[in-house]
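Architecture and fold: a report
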Protein chains: 4
Amino acid sequence: MSEDTCASDCNRNASNVAFIGVGQMGARMVKNLISKGEKVKVFDSVPQAASSVQGVTICNSPEEAAKDAAFVFTMLPNGHIVKDTLLGEKGIMKGIKKNALFIDSSTIEPQQSQELGKIAKENGFRFLDAPVSGGVTGAEAGTLTFMVGGEDGDAEEVKPILLKMGKNVFKCGGTGTGQIAKLCNNLILAITMIGTCESLNMGVKLGMDPKLLTNIINVSTGRSWSSDTYNPVPGVMPNVPSSNHYKGGFGVPLIAKDLALAESAALSVGAPLPLGAISHQLYRTLIANGFSDKDFAVVYEFLKGQK
Amino acid sequence: MSEDTCASDCNRNASNVAFIGVGQMGARMVKNLISKGEKVKVFDSVPQAASSVQGVTICNSPEEAAKDAAFVFTMLPNGHIVKDTLLGEKGIMKGIKKNALFIDSSTIEPQQSQELGKIAKENGFRFLDAPVSGGVTGAEAGTLTFMVGGEDGDAEEVKPILLKMGKNVFKCGGTGTGQIAKLCNNLILAITMIGTCESLNMGVKLGMDPKLLTNIINVSTGRSWSSDTYNPVPGVMPNVPSSNHYKGGFGVPLIAKDLALAESAALSVGAPLPLGAISHQLYRTLIANGFSDKDFAVVYEFLKGQK
Amino acid sequence: MSEDTCASDCNRNASNVAFIGVGQMGARMVKNLISKGEKVKVFDSVPQAASSVQGVTICNSPEEAAKDAAFVFTMLPNGHIVKDTLLGEKGIMKGIKKNALFIDSSTIEPQQSQELGKIAKENGFRFLDAPVSGGVTGAEAGTLTFMVGGEDGDAEEVKPILLKMGKNVFKCGGTGTGQIAKLCNNLILAITMIGTCESLNMGVKLGMDPKLLTNIINVSTGRSWSSDTYNPVPGVMPNVPSSNHYKGGFGVPLIAKDLALAESAALSVGAPLPLGAISHQLYRTLIANGFSDKDFAVVYEFLKGQK
Amino acid sequence: MSEDTCASDCNRNASNVAFIGVGQMGARMVKNLISKGEKVKVFDSVPQAASSVQGVTICNSPEEAAKDAAFVFTMLPNGHIVKDTLLGEKGIMKGIKKNALFIDSSTIEPQQSQELGKIAKENGFRFLDAPVSGGVTGAEAGTLTFMVGGEDGDAEEVKPILLKMGKNVFKCGGTGTGQIAKLCNNLILAITMIGTCESLNMGVKLGMDPKLLTNIINVSTGRSWSSDTYNPVPGVMPNVPSSNHYKGGFGVPLIAKDLALAESAALSVGAPLPLGAISHQLYRTLIANGFSDKDFAVVYEFLKGQK
């Protein structure tokens, strides 16, 4: 981008992105926006969270952050909080401009996204659900995948900004389909990760070297992202949580939350999830047994045993 | 390979490969051996099976096939049959030469492979377990993966022959480790396939297009061989069983058998297999409900419902 | 009860019980109230349902039924319908007397019961959740168990009426605890029934006579209501659905509904339900495969196979 | 029994019962035999085990114990050990009299029992499989249930002796059916216990008193031996392991062993065990996480969480 287009572009961006919710994910996403030339106003209900992000304008409410913004992002723990942040006192709705684009990147129930979309329509602004895949690592590296539900034109309009935080943007269909795609993906992710943990634990206990076994699986029919990119056995791959005491990464309570959302969505259409349901309960059992602060690959350690 | 080494090499091979068990898999493997210049003596307990393979010498017993062979292959339904074929009347042991190499490509219990290895040692010949991954399609195309357990030198010796039937040969460790690697792989395969079926069924029922959803998953953390190479939804990929009424492919009873073997191996070392166990039972339930002649991806249809 | 107290008592009851929702359960419960001297006004959104009940006064709305009633019962499919019936146009709230007792015998989420209790308090009437166990058979025979949540005094007051429809009344604790007890019971019921089906199917396939096996289990540690009172194998007991082609009884969709409610309640407090979750999915799979109109013991037939 | 018949009866018994395997169960069973007038020769591979039993004749081998015995009992950990004890050097077969009755009360695979029966027939003695239900408590109290497979006449003959150790004797059918009945019972037991733990844990976390909840369940459709006789919640019942830190009782590894045997038997006839399989894996997970020395009701504590 040349200097002068930057100038005009920066003007366009000047103060027109709002980002509400700068926790583990949001803070890293905003960092990428800032480093790629966007100007961002942020709000977080935890003041320290907001103040830890460099180069942004900190606001005192969602209303204040949304004022004048062309793009208002939310990255929040659940659908109830998103709704409160939109509709509450000093909420987004109080400040948002006519025709502005409200993009929710939180993972929430598809039906909740549809409800938000309806509220947007009735109140003269636009809505996209745009949950992400890739976790904290992807947020840090700017390689997230966005799964977007809503109007095609709206998705096209925000795409350049999404690509500053990620490398893939999928338009999935109407409002809520971004959430559906996200839940479908994470359902497989949980199941495949647990399956990979079961298999590698069995192999190691039967005397196989986990690296060799992984190499074989990775060129065979058992290969998956869980074996070739995020291997759950300590020492098989560097720079993944399993090789760092399962610290960081995709926390057990978060995958449990996504599985609960998937079950709820599946129930609404009568789709059975036998492995999904038992995977969910396995993660609930891990939570009950003290694994809440670990990466979701810690199932390996749980199955291996503590001795 | 130059013309003259070929000549000597072909002489070497002349009548020195025996292949016992020419069913769905074995017949296709032998076809590749023949087309790539090997001369093969075959035996099958079903005479029609043997006679349907072109260009081979048909024998009347394992003993007869093994006589003079440098390499004796078995590709049989289970460990008891392999053992009978070795030790029975007119069995391999009656005919096998001193120091010949007995290669079992059947999928059997690792402990059974170890027992076969012990028998070989005590009787002056050599043994490798070399089960395959890739199924009927891989056998047909000559793209199987061999997972080999036993002595390194023995594995090296047979590797050129294996590469006429497959494209990957993995040396896994001592006797039985080929079987362990195979079971570990297929355990993940079954779990991941069912998980992929659950997810895609849920997504489709929620209104997503299965091709679009598959495309998203295939570049996201839910990707696996089951989604990107062997997709279980009819019409998403051509040339896979799901797009042909789940005909052919990897039959439900075969994956159920592998899961039973995996559970047995896991039990011997106290490794829990929560998803493996429920996957096994799901396939047993499919068998009880009339899906025995279908590819293992038919779980999609089972979960979707028959109406 | 002596003749003259009967007279005054009958006067008391004259026209002061309202019953909204006279489906499979409600109609039978009302029949018992009528036959034991109560006078009942009924409403059902399906007019034929209401008109099929003998000896009652049929009303045109919940409001009309509730007018003048001291006790207003609801027996409806889910919590949303109960709430609509209370709050909707011509709903109960429009007609209910100050201080009247609203008793919801539907099975709904405990949280929903608590919400109803709060609404009652704010609007000057009283609320009890009083779901039942015993099914259509118990409703017919007047042998239901009522699990009651709310104020002790209120529970005492309605107890004589409940005992006209059932034989056990349990006061469980504050508002919502009736539902909790019901869900806890039905969670065990589903799991135990499926376990009993698995066991008896295995035993029969291994050559045991199901009656003999049942007799043994019924005096051993495996005994339960599912084996000694509601045996799932055709022919073992007379007068249970399994001996009548699994017709009538406790339908598959109803137990599936209760398991969904149990999972939702468990999730709210982080209680893992591994067997509960897989039982739920098993019933969802039965629904997908055409067993929706069968008694929940039909799992036996499903596991046995259709051939 | 009158004095003089006692005299003759004692003579009959004098030195004609052999009991091999006096661990937790066997020692208590022998104690009851002794206290009820039998004279018993015992052998155990652990000398201290044998010497801790009062009033018996200690032997140096199964052969020695079996010599002159009319009834030879085994109570051993698994089928391989039973077979070794029968066929090994100084084994039972070396000492057993023509036509003596060999009664195996161990829990082993039904097929293994059938094999033992065949060996007996070929060698001129008689065989019954007679596994027990009731655990250490039942063994101590002499209230075991015996499930007997084999010839009716043989079962009748040993029945008076069995009734000195238990209160129920069920003749189940031909050889092996005792084991089948035992496995069928314990399969339900494991599933029902886990279901009861899930339910009570959920109820308690939702605020219910466990005693009240248990009382309700025990008169409702969720009742079972696991809730009314062996309740898993500490403090609900006295004198059960849950009220004594899950000490004693029916150990986790033992129920896991029975579930493995049940799965193996079910597999042989293609009977699906979805809840049985996941229950087995749950117990394997408990073993991996340090619960091996606890009663099988400890699932309650595992689901509740360690905090």
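Residues numbered from 1 in each chain as written. Chains lettered and ligands numbered in written order. Predicted model: local features only at pLDDT ≥ 70, side-chain atom pairs only at ≥ 80, totals over all residues. Heavy atoms only, no water.

1. Brief notes about the overall build of chain A
Inclusion rule: Helix and strand definitions follow DSSP, with helices as H or I runs of at least four residues and strands as E runs of at least two, each counted in order from the N terminus. What the globule rule says is 2.2 Å times the number of residues to the power 0.38, and the radius of gyration is computed from C-alpha atoms. Burial here depends on accessible area, computed with a 1.4 Å probe over protein chains only, as a share of the maximum for the residue type. Under 20% is buried, over 50% is exposed, and the range in between is partly exposed. Only heavy atoms matter for contacts: two residues are in contact if any of them lie within 4.5 Å across the pair. Just so you know, the count uses Lys and Arg for positive and Asp and Glu for negative, and it drops His and the chain ends. By convention, charge coordinates are those of NZ in Lys, CZ in Arg, CG in Asp, or CD in Glu.
A tally of regular secondary structure across chain A gives 15 helices and nine strands. Whereas a compact globule of 307 residues would reach a radius of gyration of roughly 19 Å, chain A reaches 20 Å, a difference of no more than 12%. Along the first, second and third principal axes, the C-alpha atoms of chain A reach 65 × 45 × 35 Å. For chain A, buried positions account for 61% of its 307 residues. Considering only contacts in chain A between residues 6 or more positions apart, those separated by 24 or more positions represent 63%. In chain A, the 29 positive side-chain charges and the 29 negative ones have mean positions that sit 3 Å from each other.

2. A short note on helix 2 (residues 24-35) of chain D
Residue and element names in this part refer to chain D. We count it as follows: To estimate the expected span of a helix, count its residues, drop one, and scale the result by 1.5 Å.
If you check helix 2, its first and last C-alpha atoms are 17 Å apart, about what 12 residues at 1.5 Å a residue would give, namely 16 Å. Those residues of helix 2 that fall on the buried side of the exposure criterion are Met25, Gly26, Ala27, Met29, Val30, Asn32 and Leu33. Next to the buried residues of helix 2 lie strand 1 (17-20), strand 2 (40-43), strand 7 (132-133), helix 8 (135-141), strand 8 (144-149) and helix 9 (152-162). In the segment just after helix 2, Gly37 is the residue with positive phi, at about 95°.

3. Considering the UniProt feature "active site" (unreviewed entry) in chain A
All names here are of chain A. Keep this limit in mind: UniProt positions are given in the numbering used here, feature names are shortened, and annotations may be inferred rather than shown by experiment.
Sites flagged by UniProt as "active site" (unreviewed entry) map to Lys182. Along the polypeptide, Lys182 turns up in helix 10 (residues 177-205). Overall, the relative accessible area of 7% leaves Lys182 in the buried class. Ignoring anything within four residues of it in the chain, the contact list for Lys182 reads Thr107, Pro131, Val132, Met147 and Asp258.

4. Topic: the interface of chain A and chain B
What counts is decided by this rule: We define buried area as the total accessible area lost by two parts upon association, computed with a 1.4 Å probe and summed across both. What makes a salt bridge here is a side-chain nitrogen of Lys or Arg within 4 Å of a carboxyl oxygen of Asp or Glu, nothing more.
With 59 residues of chain A at the contact, the number on the chain B side is 59 residues. For the pairing of chain A and chain B, the buried interface totals around 5000 Å² over both sides, and the portion due to carbon and sulfur atoms is 72%. Summed over the shared surface of chain A and chain B, the result is two salt bridges. A salt bridge links B:Asp228 to A:Arg223; its shortest N-O distance comes to 2.9 Å.

5. Quick look at the interface of chain A and chain D
As a reminder of what qualifies: N or O atoms closer than or at 3.5 Å make up a polar contact, with two conditions inside protein: a donor-capable atom paired with an acceptor-capable one, and, for residues adjacent in sequence, both atoms drawn from side chains.
Of the residues lining the interface, nine residues belong to chain A; the matching set on chain D comes to nine residues. With both chains or domains summed, chain A and chain D bury close to 730 Å², and 52% of this area falls on carbon and sulfur atoms. Considering only the surface of chain A that becomes buried against chain D, A:Ala288, A:Asn289 and A:Phe302 emerge as the three largest contributors, covering 52% of it. At the surface where chain A touches chain D, the tally comes to zero salt bridges. Across the chain A-chain D interface, the total number found is two residue pairs in polar contact (both at pLDDT 80 or more). Those elements that place two or more of their residues in the side of chain A that touches chain D are helix 14 (274-288) and helix 15 (299-304) of chain A.

6. What about the relation of the copies chain A and chain B?
This is how the line gets drawn: The fit set for superposing copies consists of C-alpha atoms from residues with pLDDT of at least 70 in both; the fit itself is least squares.
The two copies are related by a screw motion: chain A maps onto chain B through a turn of 180° and a shift of 0.0 Å along the axis, at an RMSD of 0.1 Å. When the rotation and shift are considered jointly, the pair of chain copies conforms to a two-fold rotation axis. Rotation axis and chain A: the residue whose C-alpha lies nearest the axis is A:Ser224, separated from it by 2.0 Å. In this assembly the copies share their binding face: 100% of the residues contributing to the interface of chain A also contribute to that of chain B.

7. A word on the relation of the copies chain A and chain D
Superposing chain A onto chain D requires a rotation of 180° together with a translation of 0.0 Å along the rotation axis, leaving an RMSD of 0.0 Å. Interface overlap between copies is the fraction of interface residues in one copy that are interface residues in the other; for chain A against chain D it reaches 100%, indicating a shared surface.

8. Considering the domain arrangement of chain A
Residue and element names in this part refer to chain A. Stated formally: Segmentation of the chain into domains, including their bounds, is taken from an automatic or database domain assignment. By the convention adopted, Pro, Cys, Tyr, Trp, Phe, Met, Ile, Leu, Val and Ala count as nonpolar, Lys, Arg, Asp and Glu as charged, and the other residues, Gly among them, as polar.
By the assigned domains, chain A splits into domain 1 (3-173) and domain 2 (180-304). Taken over C-alpha atoms, the centre of domain 1 sits 29 Å from the centre of domain 2. Counting residues at the interface gives 12 residues for domain 1, matched by 12 residues for domain 2. Here domain 1 packs against domain 2, burying approximately 960 Å² in sum over the two surfaces, 62% of which is carbon and sulfur. The interface formed by domain 1 and domain 2 holds four residue pairs in polar contact (both at pLDDT 80 or more) in total. Here the residues of the side of domain 1 that touches domain 2 sort into eight nonpolar, three polar and one charged.

9. What to know about the pairing of strand 6 (residues 126-129) of chain D
Residue and element names in this part refer to chain D. Worth spelling out the cut-off: If DSSP finds at least two bridges between two strands, the strands pair. By convention, orient the strands away from the viewer: a clockwise path from the first strand over the helix to the second makes the crossover right-handed.
By the alternation rule, side chains of strand 6 split into Arg126 and Leu128 and Phe127 and Asp129, which are all buried. Of the strand pairs in this sheet, strand 5 (residues 101-104) and strand 6 are connected by four bridges, and their pairing is parallel. Considered in strand 6, the bridge of Ile103 is made with Leu128. In this region the chain leaves strand 5, passes through helix 7 (residues 110-122) and returns to the parallel neighbour strand 6; the handedness of that crossover is right-handed.

10. Examining the nonpolar core
Put simply, the test is: Among buried residues, the Ala, Val, Leu, Ile, Met, Phe, Trp, Tyr and Cys ones that are joined through side-chain atoms within 4.5 Å form a nonpolar core.
By size, the foremost hydrophobic cluster in this structure holds 208 residues, and its most contacted members are A:Tyr283, B:Tyr283, C:Tyr283 and D:Tyr283. Ignoring sequence-local partners within four residues, the contact set of C:Tyr283 consists of C:Ala190, C:Met193, C:Ile194, C:Val252, C:Ile255, C:Ala256, C:Leu259, C:Phe296 and C:Val299.

11. Points about the pairing of strand 4 (residues 71-74) of chain B
All names here are of chain B. Side chains Phe71 and Phe73 project from strand 4 onto one buried face, and the interleaved Val72 and Thr74 project onto a second face that is buried too. Note: strand 1 (residues 17-20) against strand 4, four bridges, orientation parallel. Residue pairing across strands places Ile20 opposite Thr74, the latter belonging to strand 4. Two strands pair when backbone bridges link them, and strand 4 and strand 5 (residues 101-104) are joined in this way by four bridges, in the parallel orientation. Its bridge partner lying in strand 5, Phe73 is registered against Ile103.

12. Comments concerning the packing of helix 10 of chain A against helix 14 of chain A
Residues and elements named next belong to chain A. For clarity, the cut-off: To obtain each axis, a line is fitted to C-alpha atoms, and for helices this fit is confined to the stretch in contact; angles are then taken between N-to-C directions over 0 to 180 degrees. Note on angle classes: values under 35 degrees are labelled roughly parallel, values over 145 roughly antiparallel, values of 65 to 115 roughly perpendicular, and the remainder oblique.
Between helix 10 and helix 14, the shortest axis-to-axis distance is 10 Å and the interhelical angle comes to 70°. Considering the angle they form, helix 10 stands roughly perpendicular to helix 14. Contacts between helix 10 and helix 14 involve Leu187, Ala190, Ile191, Met193 and Ile194 on the former and, on the latter, Leu275, Gly276, Ser279, Leu282 and Tyr283.

13. Considering the pattern of salt bridges
Pairing between side chains becomes possible if they bear opposite charge and their charged atoms approach one another. On inspection of all chains with the given rule, the structure shows 36 salt bridges over all chains. Put simply, D:Glu157 and D:Arg126 hold a salt bridge, and the shortest N to O gap is 2.8 Å. In this pair, D:Glu157 is assigned in helix 9 and D:Arg126 in strand 6, connecting sequence segments 31 residues apart. Residue D:Glu157 is classed as partly exposed on the basis of its relative accessible area, which comes to 37%. A single network of salt bridges, built from pairs that share partners, joins A:Arg28, A:Lys31 and A:Glu140.

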